[in-house]
Amino acid sequence: MFDKVLIANRGEIAIRIMRACRELDVKSVAIYSDADKTSLYTNYADERYALGNPSPSKSYLNIDKIMDIAIESGAEAIHPGYGFLAENSELGKQCEKNGITLIGPSGKVIESMGDKITSKKLMKKAGVPVIGGTENGVTDIDEAVKIAESIGYPVIVKASAGGGGIGMRTVYEEDELVRAIESTQSVASTNFGDSTVFIEKYIEKPRHIEFQILADDHGNTIHVADRECSIQRRHQKLIEEAPSPIMTEELREKMGESAIKAAEYINYTSAGTVEFLYSGGEYYFLEMNTRIQVEHPITEIITNIDLVKEQLKIASGKELSYSQKDVKVNGHAVECRINAENPLADFAPNPGKITGYRSPGGPGVRLDSGVYMNYSIPTFYDSMISKLITWGSNRNEAIARMKRALSEYIILGVKTTIPFHKAIMRNDHFLSGDLHTHFVDDYRKGIDDDIREIMEEETERINRMRSTFMPGKKVAAISAAVGSYLNTAKNQQIKK
Ligand code: MV4
């Protein structure tokens, strides 16, 4: 095992990785921008090195600076976490040059999965179901029209280099096709420097179901069950659960087999995720994520496998600690992403100082967080404050515990997505498990009404907590908290 690992990330995931390091008796090195000097992870680490300028391109994306720190600190490996430099093959190249191990798959694998046409071709060859469409990039408009007609509308035009929902357009009739191709090419060229687009059948309101993979350098590849990630908005996941409410032993075996085939075909190593779209009893490969994901804890909770420790062990050359038959699903887990955003103002970011904080606890509760009382959430980075995860012996118990944990969770000073999660946890469509990727958009009005109702119901209790946290301050009128959310919502409307 390594003696020392540099964590090239910040916030809750930096702490998550440092926790794995500490359990394995590995020293952790934090890197921090000027905006993260007082962040929890910076001071949790065994050592810390300053990056200076908080702008992401000058700090957490600055490969040269990070390599210099890795060398200076004597770190033997770098863990990139998610976002920032995760899935950046240049970091891998630099690591190799300097004799440092990158905790993740090879640069070649990252590159091949980053290109959607390439990854789809590979998966088709591997025998994994893919969505019907063009094999290559669209070059000839007449040919594209013919192919779209043979697939049948609606179709979707996607940028091969796309990601995060950028560079995608659905087309419902032939008249719109040429324009969609041209606009997607232009968006792709601007955003990714590659205008290649392809066409495939558009699957309406699918479920997003993904499989966790672990693979070592000794030829062992296993799947660590499934997660359902359909509750999202603008390609940002909000709630994930494991297993998927529709999963059966038979389906898990079949999809898990496909996920393993996908990983084995490309000689995948480390932790990874194979994403599928699921609709009408069929499933199709969508993308492969070559990193540890935000939602990895729900898998850890239902399988008792520490995915980050496995990543560290794999990277240090050890064999997987588990074989496929050791992977057993126990109960159900739900994760709510707690963001500093106003759910009633189109989820507008709301960074600021946390003036009151009380974290939930009790049976079946895990909180992965990077914040503390009086911490100021910087404006430079994403707005996730923490991930609240609950376990139950079945889905209903996990949800009941999530409702209970959300009711215990007090965050004052910034607006958060907690009221949104409370609304979802009592939404009949959610409770029935009837989920799809358009869930939040489709039920938006009902959810917003529920958020307002919940906030009114809870204002008195939250104000009592506020007067406990801030005894010097006058307790606001009962409706003040709700009013504050609503006012921002109104201002947002006016701005539009
Ligand atoms: C699709 C699709 C339906 N049909 N492809 C969105 C992000 C990008 N990675 C792929 N995405 C989709 N591709 C076909 N052929 C629907 C989506 C999609 C989606 C997928 C996963 C999770 C959330 C989503 C939200 C909207 C659309």
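What you see is a predicted model; the values in this text were computed from it and never measured.

### Topic: the sheet that holds strand 12 (residues 270–279)
What holds strands together in a sheet is hydrogen bonding between their backbones, with the strands either parallel or antiparallel. Strand order in the open sheet formed by 8 strands is 13-12-9-10-11-14-19-18, and the pairing between neighbours is antiparallel. The sheet is open, and its two edges are formed by strand 13 (282–289) and strand 18 (365–369), each paired on a single side. Recorded for the sheet is a direction-independent mean angle of 25° between the axes of neighbouring strands. When strand 10 (residues 221–233) meets strand 11 (residues 236–242), the two strands line up antiparallel, connected through 4 bridges. Within the sheet, the bridge partner assigned to Arg 233 lies in strand 11 and is Gln 236.

### A look at helix 8 (residues 174–192)
Along its 19 residues, helix 8 runs 27 Å from first to last C-alpha, staying within 8% of the 27 Å computed at 1.5 Å per residue. Where helix 8 is buried, its residues meet helix 7 (141–151), strand 6 (155–163), strand 7 (166–171) and strand 8 (197–201).

### So, the packing of helix 5 (residues 107–114) against helix 6 (residues 116–126)
It is at 5 Å that the axes of helix 5 and helix 6 come closest, and there the two elements cross at 100°. Here helix 6 runs roughly perpendicular to helix 5, going by the angle between their axes. Along its contact with helix 5, which presents Ser 112, Met 113 and Gly 114, the element helix 6 presents Lys 116, Thr 118, Ser 119, Leu 122 and Met 123. Residue composition of the contact of helix 5 with helix 6, by class: 3 nonpolar, 4 polar and 1 charged.

### A few points about the pairing of strand 9 (residues 207–215)
Buried residues dominate strand 9, accounting for 9 of its 9 residues. Residue alternation in strand 9 divides its side chains into two sets, Arg 207, Ile 209, Phe 211, Ile 213 and Ala 215 and His 208, Glu 210, Gln 212 and Leu 214, and both sets are buried. Pairing analysis gives 9 bridges linking strand 9 to strand 12, with the strands arranged antiparallel. In the sheet register, Glu 210 faces strand 12, and the bridge partner there is Glu 275. Where strand 9 meets strand 10, 6 bridges bridge the pair, whose relative direction is antiparallel.

### A look at the nonpolar core
Of all hydrophobic cores here, the largest spans 52 residues; its most connected members are Val 5, Leu 6, Ile 31, Tyr 41, Ile 66, Ile 78 and Leu 214. Counting residues per element, this core draws most heavily on helix 1 (residues 11–23), which supplies 7 residues. Residues within four places of Ile 66 in sequence aside, it is in contact with Leu 6, Ala 8, Ile 31, Leu 51, Ser 59, Tyr 60, Ile 78 and Leu 85. One finds Leu 388, Ile 418, Ile 424 and Tyr 485 within the second-largest nonpolar core, a separate group that totals 39 residues.

### Some thoughts on the environment of Met 1
As for its placement among the helices and strands, Met 1 is situated in the segment before strand 1 (4–7). It is 43 Å that separates the C-alpha atoms of Met 1 and Val 197, two residues lying 196 residues apart in sequence. Each residue touching Met 1, except ones within four places of it in the same chain, is listed here: Leu 24, Val 26, Leu 312, Lys 313, Ser 316 and Lys 318.

### Some details on the site of the ligand
Neighbouring the ligand are 15 residues, the closest being Lys 158, Glu 200, Lys 201, Ile 203 and Glu 287. Within the backbone of Lys 201, one N or O atom sits 2.7 Å away from a nitrogen atom of the ligand. Here a nitrogen atom of the ligand and a side-chain polar atom of Glu 287 are 2.4 Å apart. For the ligand, the protein covers 91% of the area, taking 520 Å² as the surface of the free molecule. Mapped by element, the contributors of at least two residues to the shell around the ligand are strand 6, strand 8 and strand 13. Residue composition of the shell around the ligand, by class: 7 nonpolar, 4 polar and 4 charged.

Cut-offs and rules
- Residues numbered from 1 in each chain as written.
- Predicted model: local features only at pLDDT ≥ 70, side-chain atom pairs only at ≥ 80, totals over all residues.
- Heavy atoms only, no water.
- Pairing = 2+ DSSP bridges.
- Helix = DSSP H or I, 4+ residues; strand = E, 2+ residues; numbered from the N terminus.
- Axes fitted to C-alpha atoms, helices over the stretch in contact; angles between N-to-C directions.
- Expected span 1.5 Å × (residues − 1).
- Contact = heavy atoms within 4.5 Å.
- Parallel < 35°, antiparallel > 145°, perpendicular 65-115°, else oblique.
- Nonpolar A, V, L, I, M, F, W, Y, C, P; charged D, E, K, R; others polar.
- Buried < 20%, exposed > 50% of the residue type's maximum accessible area, 1.4 Å probe, protein only.
- Core = buried A, V, L, I, M, F, W, Y, C linked by side-chain atoms within 4.5 Å.
- Near = heavy atom within 4 Å.
- Polar contact = N/O pair within 3.5 Å; in protein donor to acceptor, adjacent residues only side chain to side chain.
- Areas by Shrake-Rupley, 256 points an atom, 1.4 Å probe, with all protein chains shown as cover.

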